[in-house]
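Take a look at the letters that make up each chain.
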Amino acid sequence: MYMNARLGHAPRIEQALCPVLAFGLKKEHKAEMRWVWPFKARVSDNRDKEEKSSSTGDGRPDFLCVGAQKGGTSWLYQQLESHPDFWTPPIKELHYFDKLSRIKQAPPPRHRDERDLCFLESIKSLSARPYIDLENYARLFEPKRSLLSGDISPTYSMLNDEIIQRVVSYFPNLKVIFLARDPVERAWSQLSMGVRLGMISRFDVTDVDEVIRNLLNPGVLSLSHPSKIVARWKRYVHPDRFRIYFFDDLERNPAELRCSILHFLGCDPEKPSGRLRADHNSDANRKKLRLTDKVRSRVAQFFRDELKACAAELGGPAREWAARYGFSVLCFFASLADNFDLLLGCDWLA
């Protein structure tokens, strides 16, 4: 079930549909992790044509939310679903670019109108194809008409550079959102969800070795480095169309965060959005694993370097994350200054 990240043993889950972890070797003889697609992507057949084209008319997504999982994406979907300027797909996570939408997920319990039925029929037809078809993916969003719409799929944070570049080139006006969360809290929340849903076997949450073993699960580890995720997307998305928002702000002032996101997406934050409050949290009463101080400290040590990298790459509330666990970022920033030329070539630095 688990993959040794150092050796690069591929996970056995959904091999036919999910990207497979593989390793290459650079000239400097350093291991490079990449995502290899097990199906032939149409984007590789007409690359020049796609890079010069873009979807026109109403058939296109206006935005992508590419994570983070357990970073507030369900909250965002519900807030947009209730706003009059948006039409949200009846499925929250489309997973088109990582699983070709071949997921067993029931649509949320809402009244299905003609637009929803049209969307569900279209995505069923689209997912039957063994390649990425950007033109027909764009047409999934035709039911929105003059409203705004987008794709909220947290696992898009794992997409490789090639897929990101093709998507952004095809949709030049696409806006991209990333909801960042403290890696320690995010990973623990994902473990809690995994156990609750039966995706992860129950384990002794007081046993540090058991906890670390689960953190090394590739499905957890690959989502737990927001500094690298943000740097990868920022390489291809224009700064004016990329925004990082923080789970910290969702906890502190959800109304202000909601207003900021709505303004970025191009709608009126002041419009009434039904009875849904900005602080609505559908996961508030979900059972979570108990996190002891000892385990919390060890998990923080596991993510020590990432916490410091987040301070530099993400800024904002991420500058406070390392200090929560007693780590100083002063030496880290000094190292950045001393080795700036060297770090320009690092994958996690945009």
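Above this note sits the structure.
Starting from 1, residues in each chain are numbered consecutively following that chain's sequence as written. Side-chain atom pairs in this predicted model are given and counted only at pLDDT of 80 or more, local residue features only at pLDDT of at least 70, and totals for whole chains, interfaces and linings cover all residues. Processing note: side-chain calculations cover all non-hydrogen atoms of the structure and skip hydrogens and water entirely.

Participant: Please clarify how the pairing of strand β5 (residues 175-180) should be interpreted in this entry.
Facilitator: Each regular strand shows side chains that alternate between the opposite faces of the sheet. Counting buried positions over the 6 residues of β5 gives 5, a clear majority of the element. Judged from the 3 bridges that link them, strand β3 (residues 63-65) and β5 form a sheet pairing that is parallel. Along β5, the bridge assignment pairs Phe-63 with Lys-175. As defined by bridge partners, β5 adjoins strand β6 (residues 242-246) across 5 bridges and the pair is classed as parallel. Along β6, the bridge assignment pairs Phe-178 with Ile-244. Burial classification: accessible surface area is computed with a 1.4 Å probe over protein chains only, and a residue below 20% of its type maximum counts as buried, one above 50% as exposed, and the rest as partly exposed. To qualify as a helix, a DSSP run of H or I must reach at least 4 residues; to qualify as a strand, a run of E must reach at least 2; elements of each kind are numbered from the N terminus. Pairing between strands is defined by DSSP: at least two bridges between them are needed.

Participant: Just checking my understanding: could you explain the pattern of salt bridges for this structure?
Facilitator: Two side chains that carry opposite charge are able to pair once their charged atoms sit near each other. By definition here, a salt bridge exists when the distance from a side-chain nitrogen of Lys or Arg to a carboxyl oxygen of Asp or Glu is within 4 Å. In total, this model carries 17 salt bridges according to the counting rule given. The partner of Asp-62 in a salt bridge is Lys-144, and the shortest N-O contact between them spans 2.7 Å. On the criterion of sequence distance, the pair formed by Asp-62 in the loop between α1 (47-52) and β3 and Lys-144 in the loop between α5 (134-139) and β4 (150-152) is long-range, its members being 82 residues apart. Of the two residues, Asp-62 and Lys-144, neither departs from the other in class, the shared state being buried. As a salt-bridge pair, Glu-313 and Lys-234 come within 3.2 Å of each other at their nearest N and O atoms.

Participant: What is the right way to look at the sheet that holds β5 in this model?
Facilitator: Adjacent strands of a sheet form backbone hydrogen bonds with each other and so pair up, either parallel or antiparallel. Strands sit in the order β4-β3-β5-β6 across an open sheet of 4 strands; the sheet is parallel. Every interior strand has two partners, whereas the edge strands, β4 and β6, have only one. Going across the sheet, the axis of each strand differs from the next one's by a mean of 15°, ignoring polarity. Note on method: axes are straight lines fitted to C-alpha atoms, helices fitted across the in-contact stretch only, with angles between N-to-C directions ranging 0 to 180 degrees.

Participant: Please clarify how helix α8 (residues 208-215) should be interpreted in this entry.
Facilitator: The periodicity of an α-helix, 3.6 residues per turn, causes residues three or four places apart in sequence to face the same way. Taken residue by residue, α8 has Val-208, Val-211, Ile-212, Asn-214 and Leu-215 as its buried positions. One side of α8 carries all its buried residues, which in axial view fall inside an arc of 160°. In this structure, the buried side of α8 is in contact with α7 (183-196), α9 (218-221) and α13 (293-302). In protein, a polar contact requires one atom able to donate a hydrogen and another able to accept it; more generally it is a pair of N or O atoms within 3.5 Å, and residues adjacent in sequence count only if both atoms are side-chain atoms. Where α8 begins, one side-chain oxygen reaches toward the backbone nitrogen of Asp-209, 3.0 Å away; that side chain belongs to Asp-207. It is the directions from the helix axis to the C-beta atoms that the arc portrays. We call two residues in contact when some of their heavy atoms are within 4.5 Å.

Participant: Mind showing me how you'd approach the side chain of Gln-69 here?
Facilitator: With respect to the helices and strands, Gln-69 occurs in the loop between β3 and α2 (73-81). Take Gln-69: its relative accessible area is 16%, and that puts it in the buried class. Among the polar contacts listed, one links the side chain of Gln-69 to the side chain of Gln-190, at a separation of 3.1 Å. Once residues lying within four places of it in the same chain are set aside, the contact partners of Gln-69 are Pro-154, Arg-186, Gln-190, Met-193 and Leu-223.

Participant: Help me understand the nonpolar core, please; the structure alone is not making it clear to me.
Facilitator: One recurring pattern in soluble globular proteins is that nonpolar side chains are buried together. Among the nonpolar cores identified, the biggest contains 63 residues, and Phe-97, Tyr-137, Tyr-156, Leu-215 and Trp-233 are the most heavily contacted of them. Once residues within four sequence positions are removed from consideration, Leu-215 is found in contact with Ala-187, Leu-191, Val-220, Leu-221, Val-299, Phe-302 and Phe-303. If you look at the next biggest cluster of nonpolar residues, it comprises 20 residues, including Tyr-77, Phe-86, Leu-148 and Tyr-245. Here, nonpolar core refers to any group of buried Ala, Val, Leu, Ile, Met, Phe, Trp, Tyr and Cys residues whose side-chain atoms link them within 4.5 Å.

Participant: Help me out: how do you make sense of the environment of Arg-290 in this one?
Facilitator: Turning to its location among the elements, Arg-290 is positioned in the loop between α12 (254-265) and α13. Taking the C-alpha atoms as reference points, Arg-290 and Trp-188, 102 residues apart in sequence, are found 9.4 Å from one another. When sequence neighbours within four positions are dropped, the list of residues in contact with Arg-290 reads Trp-188, Val-205 and Thr-206.

Geometric values such as these leave the question of function open.
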